[in-house]
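Spelled out, the chains give:
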Amino acid sequence: MFDKILIANRGEIALRVLRAAKELGIATVAVHSTADAEAMHVRLADESVCIGPPVARESYLNMPALIAACEITGADAVHPGYGFLSENARFADMLAAHNITFIGPKAEHIRIMGDKIEAKRTARRLGIPCVPGSDGGVTQDAEALRIARDIGFPVIIKAAAGGGGRGMKVARGEDDIVVALQTARTEAKAAFGDDAVYIEKYLEKPRHIEIQVLGDGKGHAIHLGERDCSLQRRHQKVWEEGPSPALNASMRAEIGDVCAKAMQELQYIGAGTIEFLYEDGKFYFIEMNTRIQVEHPVTEMITGIDLVNEQIRIAAGAELSIKQSDIVLEGHAIECRVNAEHPSTFRPSPGRIQSFHTPGGLGVRVDSAAYQGYVIPPHYDSLVGKLIVHGRTRNECLMRLRRSLDEFVVDGIDTTLPLFRKLVRNQDIQNGQYDIHWLEKFLAAGGMD
Ligand code: ADP
């Protein structure tokens, strides 16, 4: 096992990793920018190193500074959390060259899944169902038109290097496609420095359903059920729950099995998420994330498995300690991402938290690095904390979520708490009847007015 883990992240996920490491008896090193000197992850770690100025490019994304921090402190492993360098194959290679373990999959698998065209090709080879579309990248207008006619309009043009919902354009008919292709390519170049794009059938009313997997690279891989992340704004997840209100046990077992087998064949190491769109009883692969995800606590609440603990043990060379038959889903869990944003305009609201009171009681978990008096810096994402609630049934979970949201106090900044208080009382949400466009429509119709 490792002696000391350096956590190359900040905020609630840095705390999450720190907690898992402490439970395993492993020493922790926090890194921070000058803007985060007072942050909770710095206070709770055994040691901390300042790695640069506020701008992430020069601190949390600064690979040489992170390697130097490992060498100064003698850390023998790095956990990247999510975001920042978590899906950077070059960072994984660089750590390996310095004899430091990257707590995550092989660089090769990060590389494949980071290129969405390559990812889709690999998924198809592994027997994972995909959205119909181009076989690879598309450069010529005529070729784009031919493929679009072939699969039928509407189509969506997506960046091969995409992420965070950026660089996607929908074309509804032949007149749109040339412009959509051009815009998608320009946006992709600006956002990712790579203008490769591909075409997919645009699904009109799908749900976003993703399967959590774990593999040990030694021939074992399992799935831990699904999360339904259909409630999104600008392709960003807002509310996640598991199990999905749209699946039954046999559908779950079927898609879960396909994913577990694929990961076994790939000899995948660590935690990963295979994301699908789901429409009319069919699953369509869109991408795989080769890291721990923001919404991983949903799965932890219904399986009782500590996913970060598993990541660390597997990275240290252990075999999977859990078999597929050990995974029993109990009850229902919902996560709300509480952001420092205005609840209807979504304008970021950094600043000082005047008072902070988190809900508690049976089945309630708050993952947050915030505290009373904490100043949310303007330089990073706007997540204040995640409220995760568990109940024996979906109804019990909703009831508990409603009272937890009413208990939650964050004063001094705007947060999205009022949005969740509306959502939990909404009939469609209570019925579990929503697709990926539901939230945008709700907001456009003045749901928050
Ligand atoms: P990113 O990596 O940028 O998040 P994804 O491929 O994961 O991109 O897609 C993000 C979201 O965009 C999905 O959850 C869904 O809401 C929407 N989306 C992606 N592909 C399609 C598609 N073929 N049809 C309809 N919506 C899509």
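Computed from a prediction, not measured in an experiment: that's the story for all the values here.

Trainee: I tried to follow the overall build of the protein on my own but got confused; where do I start?
Mentor: Check the secondary structure of the protein and you find 15 helices and 20 strands. Taken over the C-alpha trace, the protein has a radius of gyration of 21 Å; the compact-globule value for 449 residues is 22 Å, and the two agree within 12%. Projected onto its principal axes, the C-alpha positions of the protein cover 60 × 50 × 45 Å. Expressed as a percentage of its 449 residues, the buried residues of the protein come to 59%. Excluding contacts between residues fewer than 6 apart, the proportion of contacts in the protein whose partners are at least 24 apart in sequence is 66%. About 17,800 Å² of surface is accessible on the protein, with carbon and sulfur atoms providing 49% of the total. In the protein, the 51 positive side-chain charges and the 60 negative ones have mean positions that sit 2 Å from each other.

Trainee: Help me understand the environment of alanine 92 in this model?
Mentor: As for its placement among the helices and strands, alanine 92 is situated in helix α4 (residues 89–97). Exposure remark for alanine 92: the relative accessible area of 8% places this residue in the buried category. Separated by 14 residues in sequence, alanine 92 and lysine 106 have C-alpha atoms that sit 7.7 Å apart.

Trainee: Would you mind showing me how to read the sheet that holds strand β2 (residues 27–33) here?
Mentor: Through backbone hydrogen bonds, the strands of a sheet pair up, either in parallel or in antiparallel fashion. Read from one edge to the other, the open sheet built from 5 strands follows the order β3-β2-β1-β4-β5, with strand pairing classed as parallel. A single partner strand is all that each edge strand has here, and the edge strands are β3 (47–52) and β5 (101–102). Bridge count for strand β1 (residues 4–7) against β2 is 4 bridges, and the pairing is parallel. Following the sheet pairing, leucine 6 is matched in β2 by valine 29.

Trainee: Looking at this structure, how should I read helix α6 (residues 116–125)?
Mentor: Structurally, the α-helix is built with 3.6 residues per turn, so residues lying three or four positions apart point the same way. Regarding α6, the residues found buried are Lys116, Ile117, Ala119, Lys120, Thr122 and Ala123. Here the buried face of α6 lies against α5 (107–114), β6 (155–159), β8 (197–201), α9 (249–266) and β13 (282–289). Where α6 begins, the capping side chain belongs to aspartate 115, and its oxygen is found 3.0 Å from the backbone nitrogen of isoleucine 117.

Trainee: In this structure, what is going on with the packing of aromatic side chains? I would like to understand it.
Mentor: Throughout the structure, instances matching the rule amount to 9 aromatic pairs. Ring geometry for phenylalanine 91 against phenylalanine 102: centres 6.3 Å apart, planes inclined by 85 degrees, an arrangement best described as edge-to-face. Taken as a pair, phenylalanine 91 in helix α4 and phenylalanine 102 in strand β5 lie far apart in primary sequence, 11 residues in all. Look at phenylalanine 276 and phenylalanine 283: their rings are 5.5 Å apart centre to centre, the planes differ by 75 degrees, and that puts the pair in the edge-to-face class. When its relative accessible area of 0% is taken as the criterion, phenylalanine 276 is described as buried. Among the aromatic residues, those joined into a cluster by ring pairs are Phe276, Tyr278, Phe283 and Phe285. Note that arginine 207 overlies the ring of tyrosine 434, its terminal NZ or CZ placed 4.5 Å from the centroid.

Trainee: Looking at this structure, I do not really get the pairing of strand β12 (residues 269–279). What am I missing?
Mentor: Sheet faces and side chains relate simply in a regular strand, where the side chains alternate between the two faces. Here β12 lies mainly inside the structure; 10 of its 11 residues are buried. In this sheet, β12 lies alongside strand β9 (residues 207–216) in antiparallel orientation, the contact comprising 10 bridges. Along β12, the bridge assignment pairs glutamine 212 with threonine 273. In terms of strand pairing, β12 meets β13 through 7 bridges, oriented antiparallel. Looking across to β13, one finds that isoleucine 274 is bridged to methionine 288. Where β12 hands over to β13, the hairpin turn is made up of 2 residues, of which aspartate 280 adopts a positive phi near 45 degrees.

Trainee: Any chance you could explain the confidence of the model for the protein here in plain terms?
Mentor: Low-pLDDT portions of the prediction should not be read for the details of their coordinates. Considering every residue of the protein, the mean pLDDT works out to 97; 100% of them sit at 70 or more. Between the elements of the protein, mean pLDDT differs from a low of 92, seen in helix α8 (residues 174–192), to a high of 99, seen in strand β4 (residues 77–79).

Trainee: Just checking my understanding: could you explain the site of the ligand for this structure?
Mentor: In the vicinity of the ligand, 20 residues are found, and the nearest of them are Lys116, Lys158, Gly165, Gln232 and Glu287. A distance of 2.9 Å separates a nitrogen atom of the ligand from a polar atom in the side chain of lysine 158. One nitrogen or oxygen atom from the side chain of histidine 235 is found 3.0 Å from an oxygen atom belonging to the ligand. In isolation the ligand has 550 Å² of accessible area, and contact with the protein removes 95% of it. Secondary structure elements with two or more residues in the shell around the ligand: β6, β8, β12 and β13. Its residues assigned to classes, the shell around the ligand shows 7 nonpolar, 6 polar and 7 charged.

Trainee: How do you make sense of the side chain of aspartate 216 when you look at a structure like this?
Mentor: Relative to the elements of secondary structure, aspartate 216 occurs in strand β9. Buried and unpaired, aspartate 216 has no salt bridge, with lysine 218 as the nearest side chain of opposite charge at 6.3 Å. Side-chain polar atoms of aspartate 216 contact the backbone nitrogen of lysine 218, separated by 2.8 Å. One polar contact links the side chain of aspartate 216 to the main-chain amide nitrogen of leucine 320, over a distance of 2.8 Å. The contact partners of aspartate 216, leaving out residues within four places of it in the chain, are Tyr268, Ile269, Ile314, Ala318, Glu319 and Leu320.

Here is what the cut-offs are and how they apply
Residues numbered from 1 in each chain as written. Predicted model: local features only at pLDDT ≥ 70, side-chain atom pairs only at ≥ 80, totals over all residues. Heavy atoms only, no water. Helix = DSSP H or I, 4+ residues; strand = E, 2+ residues; numbered from the N terminus. Rg over C-alpha atoms; globule rule 2.2 N^0.38 Å. Buried < 20%, exposed > 50% of the residue type's maximum accessible area, 1.4 Å probe, protein only. Contact = heavy atoms within 4.5 Å. Areas by Shrake-Rupley, 256 points an atom, 1.4 Å probe, with all protein chains shown as cover. Lys, Arg positive; Asp, Glu negative; His and termini not counted. Charge placed at Lys NZ, Arg CZ, Asp CG, Glu CD. Pairing = 2+ DSSP bridges. Polar contact = N/O pair within 3.5 Å; in protein donor to acceptor, adjacent residues only side chain to side chain. Phe/Tyr/Trp six-rings, centres within 6.5 Å; stacked < 30°, edge-to-face > 60°. Lys NZ or Arg CZ within 6 Å of the ring centre and 35° of its normal. pLDDT = per-residue confidence, 0-100. Near = heavy atom within 4 Å. Nonpolar A, V, L, I, M, F, W, Y, C, P; charged D, E, K, R; others polar. Salt bridge = Lys/Arg side-chain N within 4 Å of Asp/Glu carboxyl O.

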